[in-house]
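# Structural overview
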Amino acid sequence: MSSGVEADIALDAAVIASLGLIRVLGGAAGLAAVGTGLLAGLAEERAEIRARRLEEIRHHEQAVAEVLDRNARIAALASSARENDARLALPLPLEPAEKTAGELVAWCTEADAALATAEEELATAIATAATGRIFAPATESLKAAAPAASPPPAATTLATTLTRVLARLLPDTTEDDRRRVTEAAEQAAAATTQGEAESRLTEVRIRIQEANERARRRRDDRAAAARFVRELATHPAAGDVRARLAEVAEGAAAFDEELRAEAVRLVGDLQRQAERRYVTTALREAFAGLGYEVDEGFETLTADSGEAVLTRGDWSQHAVKVRVDDARQIRMALLRTEPAESDDQRRLDVEREEQWCASFEAARERLEEAGVHADVRWRVEPGEQRLPVAQRRRDRRQPQARQRERDR
């Protein structure tokens, strides 16, 4: 080992996935219990168990995404029902935090059945109303000419067919798309021959297909926006983006590429922050368990290029400077807090270097158990060079402790 060391940090895949899921589940309320549980017991797990845990985490993450997708569909159907003055039996949106993957999947299964029924009922109601409006002028003309007359069979058949075709139009299509479909339907209703009616019905079907494709893309955008809004809930720089995404989630704005790119960037920032916090906590716990004291500056390790100082109760002339860069690299160096003025002090330096070497290797084992892998890139061996001198930030120990070490 070494008195100075630089190591690359790599997080276990299960840790990375867990942190992403915890971030989504935790929101402003902090870490969700279910997410925290996913990180428990990493030290005791074998490779195959870890792989299974990673699969469970990914399954849970997918289940959360599916729930948010259903929540977006519920919101869209509720909005469409209000616009069309219809009453629907819709499931209540689900908050996925503190729910197991099995519970989330079970809710999605129940919600799918309810949503399919509600969507069919609403689409049929809208189609029936639209057909009634389209054929109303012709019906009124017939009644005016011959009050006892009934619509001709061909018109009745066309109305039934048109209602069935219009029922395929998704209820959350836009007003523009609905107007385009209605215009084509009106042309079909005004056809004077069977061939013309069939041709115009084909155009209605094509416009419905195109409208439905656009509606499904908007659904996907709303679901994605809902996920981004959840992930950005506590991001300090996400205020404007979060507000715009909330509009998308409610269907009030287009989820354009610029907005998507900004959301992706901010969510990436959140993930890196979560990873830095995890690495910092793992470092603090590893060295604290070995008898080192962590100064208050250790909090800065959660920021880019943060640094802090480790000390020990039996050290008065030495400390360890720690620097973490973006949870990807760690640099640690043993320092003197005052210049070495004698051979005894220089011999003490070597003792401290050897002590620090053993501590670092023990800490690496503890970090490994927590899913943090530290691969050493370079090191300075004990006694190879004089220790650099740095001003101590604070000496919190009692004067007696400092005096005992000076007397050695």
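Structure first, text after, so check above.
Summarised in this report is the structure supplied together with it. (Residues numbered from 1 in each chain as written. Predicted model: local features only at pLDDT ≥ 70, side-chain atom pairs only at ≥ 80, totals over all residues. Heavy atoms only, no water.)

## Section: the nonpolar core
We count it as follows: The definition of a nonpolar core used throughout is a set of buried Ala, Val, Leu, Ile, Met, Phe, Trp, Tyr and Cys residues joined through side-chain atoms within 4.5 Å. Each residue's exposure class comes from its accessible area (1.4 Å probe, protein chains only) as a fraction of the maximum for that residue type: buried when under 20%, exposed when over 50%, partly exposed otherwise. By definition, any uninterrupted DSSP run of H or I lasting at least four residues is a helix, any uninterrupted run of E lasting at least two residues is a strand, and each is numbered from the N terminus. Only heavy atoms enter the contact rule, under which two residues are in contact if any of them lie within 4.5 Å.
Judged by nonpolar contacts, the single largest core of 30 residues is most densely connected at Phe287, Val320, Ile330, Met332 and Trp356. Every element with two or more residues in this core is listed here: β1 (4-11), α1 (13-26), α9 (257-288), β4 (318-325), β5 (329-336), α10 (343-369) and β6 (372-380). By residue number, the principal contributor to this core is α9, which donates seven residues. Setting aside its immediate chain neighbours within four residues, Ile330 contacts Val5, Glu6, Ala7, Ile9, Leu283, Val322, Arg323 and Val324. In this structure, Ala17, Val24, Ile74 and Ala111 belong to the second largest nonpolar core, which totals 22 residues.

## Let's talk about the packing of helix α6 (residues 175-189) against helix α7 (residues 194-231)
Quick note on the threshold: With axes taken as lines fitted to C-alpha atoms, and helix axes fitted only over the stretch in contact, angles between N-to-C directions fall between 0 and 180 degrees. Orientation labels follow simple angle bins: below 35 degrees gives roughly parallel, above 145 gives roughly antiparallel, 65 to 115 gives roughly perpendicular, and whatever is left gives oblique. The classification used treats Ala, Val, Leu, Ile, Met, Phe, Trp, Tyr, Cys and Pro as nonpolar, Asp, Glu, Lys and Arg as charged, and all other residues, Gly among them, as polar.
As a packed pair, α6 and α7 sit with axes 8 Å apart at the nearest point and diverge in direction by 170 degrees. The orientation of α6 with respect to α7, classified from their angle, is roughly antiparallel. On α7, the residues touching Asp177, Arg180, Val181, Glu183, Ala184, Ala185, Gln187 and Ala188 of α6 are Ala197, Arg200, Leu201, Glu203, Val204, Arg207, Ile208, Glu210, Ala211, Arg214 and Arg218. Split into classes, the residues belonging to the contact of α6 with α7 amount to nine nonpolar, one polar and nine charged.

## Some remarks on the packing of aromatic side chains
Test applied: Each Phe, Tyr or Trp ring (for Trp, its six-membered ring) is paired with any other whose centre lies within 6.5 Å, and the angle between the two planes then decides the class: stacked below 30 degrees, edge-to-face above 60, tilted in between.
For the coordinates displayed, the defined rule picks out six aromatic pairs. Between Phe287 and Trp356, the ring centres sit 5.6 Å apart and the planes meet at 25 degrees, which makes this aromatic pair stacked. In this pair, Phe287 is assigned in helix α9 and Trp356 in helix α10, connecting sequence segments 69 residues apart. Of the residues examined, Phe287 reaches a relative accessible area of 1% and is grouped as buried. Assessed through its relative accessible area of 0%, Trp356 is described here as buried.

## With respect to the pattern of salt bridges
Short version of the rule: For salt bridges, the criterion is a side-chain nitrogen of Lys or Arg within 4 Å of an Asp or Glu carboxyl oxygen.
Evaluation of the coordinates by the stated rule reveals 29 salt bridges. Salt-bridge contacts for Asp221 lead to Arg260; the nearest nitrogen and oxygen are separated by 3.0 Å. You can see Asp221 sitting in helix α7 and its partner Arg260 sitting in helix α9, a full 39 residues away along the chain. Among the salt bridges present, the one from Arg265 reaches Asp269, with a minimum N-O distance of 3.3 Å. With Arg265 and Asp269 both in helix α9, this residue pair falls four residues apart, about one helical turn.

## Thoughts on the environment of Leu232
The residue Leu232 is located in the loop between α7 and α8 (239-249) in this model. Leu232 gets classed as buried once you look at its relative accessible area, which sits at 0%. Separated by 37 residues in the primary sequence, Leu232 and Asp269 have C-alpha atoms spaced 9.7 Å apart. When near neighbours in sequence (up to four residues on either side) are disregarded, Leu232 contacts Ala238, Val241, Arg242, Leu245, Ala263, Leu266, Val267 and Leu270.

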